[in-house]
Amino acid sequence: MAQNDAPREAGAPEVIEVDGEIVACDGGGALGHPRVYLNLAGRDFVECGYCDRRFVRRAGAKAGASH
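Residues numbered from 1 in each chain as written. Predicted model: local features only at pLDDT ≥ 70, side-chain atom pairs only at ≥ 80, totals over all residues. Heavy atoms only, no water.

### Thoughts on the overall build of the chain
Looking only at helices and strands, the chain features zero helices and six strands. Beginning at the N terminus, the succession of helices and strands in the chain can be written as β-β-β-β-β-β. Burial statistics for the chain: of 67 residues in total, 30% are counted as buried. Partitioning the contacts of the chain with sequence separation of at least 6, the portion at a separation of at least 24 is 41%. As displayed, the chain has an accessible area near 4400 Å², and 49% of this comes from carbon and sulfur atoms. (Helix = DSSP H or I, 4+ residues; strand = E, 2+ residues; numbered from the N terminus. Buried < 20%, exposed > 50% of the residue type's maximum accessible area, 1.4 Å probe, protein only. Contact = heavy atoms within 4.5 Å. Areas by Shrake-Rupley, 256 points an atom, 1.4 Å probe, with all protein chains shown as cover.)

Shown next as structure tokens:
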């Protein structure tokens, strides 16, 4: 996973580009949150309900690709 250089929208503190449909978020660092799995199926992005990280499907990534 890599950070996206595109401008962020208000409310999304971190944008992470991903290739797969299922992503895991633990908030990062020692003071994170419980690991949650998020599904991008049919969407261009999904946000973590704990930390508001935004996971965005990488340009050119195929929908339905795993991890």
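Okay, back to it.
### A word on the confidence of the model for the chain
Looking at the chain, pLDDT values average 82 and 72% of them are 70 or higher. Mean pLDDT values over the elements of the chain span from 50, in strand β1 (residues 2-3), up to 98, in strand β4 (residues 36-39). (pLDDT = per-residue confidence, 0-100.)

### Some remarks on the nonpolar core
Counting ten residues, the largest nonpolar core is built from Ile16, Val18, Val23, Cys25, Val36, Leu38, Leu40, Val46, Cys48 and Phe55. Listing elements by their share of this core, those giving two or more residues are β2 (15-18), β3 (22-25) and β4. Leave out the neighbours within four places in its chain, and valine 23 touches Val18, Val36, Tyr37, Leu38, Leu40 and Phe55. (Core = buried A, V, L, I, M, F, W, Y, C linked by side-chain atoms within 4.5 Å.)

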